[in-house]
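Residues per chain, in single letters:
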Amino acid sequence: MSRIERVHAREVLDSRGKPTVEVEVTCTGARPGRAIVPSGASTGKFEAVELRDGDDARLDGTGVLQAVANVRGEIASAIIGMDANDQQSIDHRLCELDGTDNKSRLGANATLGVSLATAYAAAESKGVQLVEHLGEIWQECRESNPNLADPLAGRGHGALGNGPLLPLPMVNMISGGRHAGDNIEFQDFLVLPVGAKSYRQALDWIVTIYRRLGELLCERGYEGVLVGDEGGFGPKLRSNEEAVELVIAAIEAAGLEPGTDAMIGLDVASTEFYADGTYQLAENGGQRLSSDGMIDLLADWVDRYPIISIEDGLAEDDWDGWKRLTERLGDRVQLIGDDLFVTNSVRLQRGIDTGTANSVLVKLNQIGTLWETLETIRLAIENGYLPVVSARSGETEDATIADLVVATGAGQIKVGSIVRSERLAKYNQLLRLEEHLNGANYIGRDVFRPLKADG
């Protein structure tokens, strides 16, 4: 038994200089396990609540001292003496202690910090790497649902969820929306190196494409371009479509073939420009588009460009529109629900029941505990939805998601770009894990086998 002996928390800073929670959990006779909680800028209204102090006299009200106090006091008293190896019981205790549906009493930043630090502490107590301990927890989660014991059961993707798997990276090249001062409406324009034969090669290609993109921006007069929150270039472009064209040109400039070696991903983040049932894009003359208008726009781009993934193509409340989008494009591209599902198994189940989307973005702090996150990944894989493990725009040097995506075999990771150390902490950890696994089990483009576009 890895008995929890001490629980401590402190306020630290994330990549935007915004306060966040760091937690240390120590088991008897072992070194402490430590985790830091990320924070989002473009957040869905159905996410678990990030508790902030609201005291304008200090840090404009963004402090997290109350969340820290909750960890040091109420939470510590509740879990000291428990077995850190029993992640399910720890996380259930955290949920019960909070007593709300959205972690609003204690704060999801408090519960998640404790949940993740517990996993680190258990790994320290056993003397194993985090990825190995997470793999054990994942197997426990799978075994708690007999339908997933057989990877071919239901509509599941047999390649996913079956032990360690190096992921296909989905990498930010150009940033817009709230990640880059609303220079353009769509939030991320990404590259997926689907033709690479290893994670190492995929990362090499991404670095080269990013460099060629920087050169192209300079050649076209976008000198001195700053980067957004996640490291993507943030030029003042004429339109969202110009961003797609620039990324394709960068792929070609890197000596790679668009559609074969590398494909495009979009994070539309459409909730940010959705109001009164319509969508407003500057490139359409400022006119408002209906849900069907947005669907037509995205379908036209899929017809003309090598797009394989669209995240939040419609808003978080536009369920009817999402269903029509899925009927139109769901067999051709990955349609990711982020604000739509918020890593919540109840909302994901609604999507499954209604045939809405075919993929779910997985963000630990959207739900607030590790076990609930694993349950969402399990539900997705079991029902043929593709999970994409993701960082947040406000990140830290904590690299947990790299170990999580490998341990669960989720198949895809979205971290941001290949600059800024809070992003590279994850990419570099994946390099270490690739070495640890002797380069085996890289999924690459096979993650998209169910889609006709990859067929």
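Residues numbered from 1 in each chain as written. Predicted model: local features only at pLDDT ≥ 70, side-chain atom pairs only at ≥ 80, totals over all residues. Heavy atoms only, no water.

Draft legend 1. Local environment of the packing of helix 3 (residues 108–126) against helix 4 (residues 130–143). Running from N to C, helix 3 and helix 4 cross one another at 110 degrees; their axes reach a closest spacing of 9 Å. When the axis of helix 3 is compared with that of helix 4, the two are roughly perpendicular. At the point where helix 3 passes helix 4, the crossing takes the right-handed sense. Across from Ala119, Tyr120, Ala122, Ala123 and Lys126 in helix 3, the residues of helix 4 making contact are Leu130, His133, Leu134 and Glu136. Classifying every residue of the contact of helix 3 with helix 4 gives six nonpolar, one polar and two charged. (Axes fitted to C-alpha atoms, helices over the stretch in contact; angles between N-to-C directions. Helix = DSSP H or I, 4+ residues; strand = E, 2+ residues; numbered from the N terminus. Parallel < 35°, antiparallel > 145°, perpendicular 65-115°, else oblique. Left-handed = near helix turned anticlockwise from the far one by under 90°. Contact = heavy atoms within 4.5 Å. Nonpolar A, V, L, I, M, F, W, Y, C, P; charged D, E, K, R; others polar.)

Draft legend 2. Inspection of the packing of aromatic side chains at higher detail. One pass over the full model with this rule turns up eight aromatic pairs. For the pair Phe273 and Tyr279, a centre-to-centre distance of 6.2 Å together with 70 degrees between the ring planes defines the contact as edge-to-face. The same class applies to Phe273 and to Tyr279, which are both buried. One aromatic cluster in this structure is built from Phe186, Phe189, Phe273, Tyr274, Tyr279 and Trp301. When the ring centre of Phe46 is taken as origin, the NZ or CZ atom of Arg347, which lies over that ring, is 3.8 Å away. The aromatic ring of Trp319 is capped on one face by Arg350, whose charged end is 3.9 Å from the ring centroid. (Phe/Tyr/Trp six-rings, centres within 6.5 Å; stacked < 30°, edge-to-face > 60°. Buried < 20%, exposed > 50% of the residue type's maximum accessible area, 1.4 Å probe, protein only. Lys NZ or Arg CZ within 6 Å of the ring centre and 35° of its normal.)

Draft legend 3. Structural detail: the state of the cysteines. Counted by the stated rule, this structure contains zero disulfides. In this structure Cys95 is a free cysteine whose sulfur lies 13 Å from that of Cys141, the closest cysteine sulfur available. Using a relative accessible area of 22% as the deciding quantity, one classes Cys95 as partly exposed. The buried category is assigned to Cys141, whose relative accessible area is 0%. (Disulfide = S-S within 2.5 Å.)

Draft legend 4. Region of the structure containing the pairing of strand 2 (residues 19–27). Taking burial as the measure, the nine residues of strand 2 include nine buried ones, the bulk of the element. Residues of strand 2 alternate between two faces, with Pro19, Val21, Val23, Val25 and Cys27 on one and Thr20, Glu22, Glu24 and Thr26 on the opposite face, all of them buried. Inspection of the sheet shows strand 1 (residues 4–13) paired to strand 2 by nine bridges, in the antiparallel sense. Its bridge partner lying in strand 2, His8 is registered against Glu24. Adjacent in sequence and paired antiparallel, strand 1 and strand 2 are bridged by five residues, among which Gly17 carries a positive phi angle near 70 degrees. Relative to strand 3 (residues 33–36), strand 2 is paired through four bridges, and the arrangement is antiparallel. (Pairing = 2+ DSSP bridges.)

Keep in mind these values describe shape, not function.
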